[in-house]
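Residue strings, one per chain:
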Amino acid sequence: MSRPVRLPHTSVPAFRKRIPADLRGKVTGRQVRIPFPAHGHEPECTVVATLGVSEIKFSLHTRDPRVATARSGIAEDHLQRLFTGLRSGPARLTHKQVVALAGVWYRGFVAHLEDDPGKPFVFEKLRQAFSEGLDDPAKLRSEMGSLADDVLAAHALTVDDNSRDALMAAMRDAIRDAAETLLRRAKGDYGPDTVAQRFPSIEALPSPTTGVAPKVPASAIGVTLTGLAEAWGRERQPRAKTLEEHLRVVKAFVKFVKHDDATAITPGNVVAWKDALVAEGRLAAKTINAKYLTPIGTVLNWGKANRKIASNPAQGVRSSGKAPPRSRERSFSHEEATTILKAALHAHDTPGRNSDEMLAARRWTPWLCAYSGARVAEITQLRGQDFLEVQGVWVFRISPEAGAVKTDKPRIVPVHPDLIRQGLLEYVKERGDRPLFYKEATARPKVPTKAHPAKTVAGRLAGWVRDIGVNDPNVQPNHGWRHLFMTLCREYGVAEEARYFMVGHTKRDTGQSYGEASAAALMRELAKLPAFKVE
């Protein structure tokens, strides 16, 4: 694999590769066109380079080392396919493959101009020129030959004369159709592009050696689904976990349909994927809709809204199956809660190979969840600085500054008197401003899709809960506390509005969204809950 190199007299990374010995002298002077997709803050670009006697070298047109490395890999793949094709001789393209190539050009040309197409008369003249002329083979070669060669070069293809002639005719038709589409755009018609649907997927293109469909790199596809997901993430800036889950689902879908061409995805593909998930029998309809179909629909909808694709093929696709009946309540039972809380009290008795922070998470997180109804990751991301005294009441502040909060809104929760009696505040004071349950060095993820370390702690706590004997699969090992807290609030008469504030539930009406809940008022309600008796 070639790596970016530094050439004399320039600080911009370059690509450099030797021409294989068996091809030297046979390919000298041949031009190659290598398209690079948008990457990070760098826009897409195409490099035109010439093969020398013994090597090829060209600028990668970026100073970003990550983009340079990615582009170097794309160039390596492109040239390897080109060299393989040159060794095996000109390939014959099927009619479908010819039309697929013309379709890649069509989609790219339309996407480049449709946002601001300019005056309609330009496309009227272009449509007329390609509707009435170029029927003569000699004129067709004269007018379309260089464009067809550019398209072939962009895909590292070496084809026979008949295939090149067929591609020139297909390009003529694609230009005529593109002019028609852009004419509609120039007149204000941004309805679905039905013309794009006539072109086969890029997967129809041949391998230079065998003539069968290869695994085409993302760089050769005009609009990739993975690229749409990444662009959506850059614009929307979702929480790391959300972006990670969306990318995971997109990759699973791409694997299912066996290509990454967003423009070639059909409603039938999405329905088939949904049916396959249902057939597995392990996911409820609600989970399929929320965790699989919604992320795909969100990404495709963003692509449609931003004029990357003509329509959202996932729109309206939903699983309508019933949720499986629950065999028990979602709250921990008295025995389960007692088992966990008692084990938490003795967490330091069996330290094993766990860090001090992980042992502290076992010791305090279950109790904090039991007396607050907070989500477990909201607790495991707490820092010493999040504890403060307000109106004579000790509270902890759940804030997006510390990590992900589902509502993206901060809230305060009183510290239950039993936690103060157990010594929680002494542990908080010992930690200072640092995170309570993970090492500070891991607090900031290095990449946007890496989960917050508090999520890792929460996951390990779930495993620990199962290990100590609370292993009923029908109750969640961490979320059971949230349900139990609400159950106890109802049992002991905690005011509904107060418990909504404490657990961070969405307000039910506009009136509830006004004002804040004071620490004193919340403590008055929380104190209604008696201490758990587990010792």
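Before reading further, recall that the structure is shown in the block above.
Residues numbered from 1 in each chain as written. Predicted model: local features only at pLDDT ≥ 70, side-chain atom pairs only at ≥ 80, totals over all residues. Heavy atoms only, no water.

Novice: Teacher, can you tell me more about the sheet that holds strand 6 (residues 393-398) here?
Specialist: Pairing between the strands of a sheet is mediated by backbone hydrogen bonds and can be parallel or antiparallel. Across the sheet, which stays open at both edges, the 3 strands sit in the order 5-6-7 with antiparallel pairing between neighbours. The open sheet has two free edges, formed respectively by strand 5 (387-390) and strand 7 (411-414), since each of these has just one partner strand. Taken over all neighbouring pairs, the strand axes of this sheet differ in orientation by 45 degrees on average, direction set aside. Sheet topology note: the strand 5/strand 6 ladder contains 4 bridges and is antiparallel. Within strand 6, the position partnered with Phe387 by the bridge is Phe396. (Pairing = 2+ DSSP bridges. Helix = DSSP H or I, 4+ residues; strand = E, 2+ residues; numbered from the N terminus. Axes fitted to C-alpha atoms, helices over the stretch in contact; angles between N-to-C directions.)

Novice: For this particular structure, what's the right way to read the packing of helix 7 (residues 240-257) against helix 9 (residues 285-305)?
Specialist: Relative placement of two packed helices is described by the angle separating their axes and the distance separating the axes. Helix 9 packs onto helix 7 with a crossing angle of 95 degrees between their chain directions and a minimal axis gap of 9 Å. Accordingly, the angle class assigned to the pair helix 7 and helix 9 is roughly perpendicular. Side by side, helix 7 and helix 9 meet where Glu245, His246, Arg248, Val249, Val250 and Phe253 of the first sit next to Lys291, Tyr292, Pro295, Ile296, Thr298 and Val299 of the second. Within the contact of helix 7 with helix 9, the residues separate by chemical class into 7 nonpolar, 2 polar and 3 charged. (Parallel < 35°, antiparallel > 145°, perpendicular 65-115°, else oblique. Contact = heavy atoms within 4.5 Å. Nonpolar A, V, L, I, M, F, W, Y, C, P; charged D, E, K, R; others polar.)

Novice: Help me understand the packing of aromatic side chains in this model?
Specialist: Evaluated as defined, the whole model comprises 11 aromatic pairs. Summarising the aromatic geometry, the rings of Tyr106 and Phe199 are spaced 5.1 Å apart at their centres and angled 35 degrees between planes, so their arrangement reads as tilted. Taken together, the residues Tyr106 in helix 2 (residues 95-113) and Phe199 in the loop between helix 5 (161-186) and helix 6 (225-236) connect sequence positions 93 residues apart. Assigned by exposure class, Tyr106 and Phe199 land together as buried. Each ring, one from Trp367 and one from Phe532, has its centre 6.4 Å from the other, and the planes form 85 degrees; the classification is edge-to-face. Separated by 165 residues along the polypeptide, Trp367 in helix 11 (residues 356-370) and Phe532 in the segment after helix 18 (519-526) bring together distant segments of the chain. In this structure an aromatic cluster arises from ring pairing among Phe253, Trp273 and Tyr292. (Phe/Tyr/Trp six-rings, centres within 6.5 Å; stacked < 30°, edge-to-face > 60°. Buried < 20%, exposed > 50% of the residue type's maximum accessible area, 1.4 Å probe, protein only.)

Novice: Even after reading the chapter, I still don't get helix 6, so can you show me in this structure?
Specialist: Over its 12 residues, helix 6 runs 16 Å from end to end, which matches the ideal 16 Å to within 8%, given 1.5 Å per residue. If you follow the buried residues of helix 6, they end up packed against helix 7 and helix 9. Note on helix 6: the residue one or two positions beyond its end, Gln237, has a positive phi of about 50 degrees. (Expected span 1.5 Å × (residues − 1).)

Novice: Looking at this structure, I do not really get the nonpolar core. What am I missing?
Specialist: Generally speaking, soluble globular proteins have nonpolar side chains that are buried together. Ranked by size, the top nonpolar core spans 56 residues in total, and within it Phe387, Phe396, Phe437 and Trp481 carry the most contacts. With 8 residues, helix 11 is the single largest residue contributor to this core. If we ignore the near neighbours within four places in the chain, the residues touching Phe396 are Leu368, Ser372, Ile379, Leu382, Asp386, Phe387, Arg411, Ile412, Val413, Pro414 and Val415. Formed by 29 residues, the second largest nonpolar core is a distinct cluster that contains Ala229, Val249, Val270 and Leu293. (Core = buried A, V, L, I, M, F, W, Y, C linked by side-chain atoms within 4.5 Å.)

Novice: I tried to follow the pattern of salt bridges on my own but got confused; where do I start?
Specialist: Pairs may arise between side chains of opposite charge once their charged atoms sit close together. Inspection of every chain in the model, using the stated rule, returns 28 salt bridges. For Lys17, the salt bridge goes to Glu76, with nearest N and O atoms at 3.1 Å. Here Lys17, found in strand 1 (residues 14-18), pairs with Glu76, found in helix 1 (residues 65-88); they are 59 residues apart in sequence, far enough to count as distant. Judged by its relative accessible area of 8%, Glu76 falls in the buried class. Here the salt bridges do not stand alone but share partners, grouping Arg172, Asp173, Arg176, Asp177 and Arg198 into one network. (Salt bridge = Lys/Arg side-chain N within 4 Å of Asp/Glu carboxyl O.)

It is worth stressing that arrangement in space is one thing and function is another; only the former is reported here.
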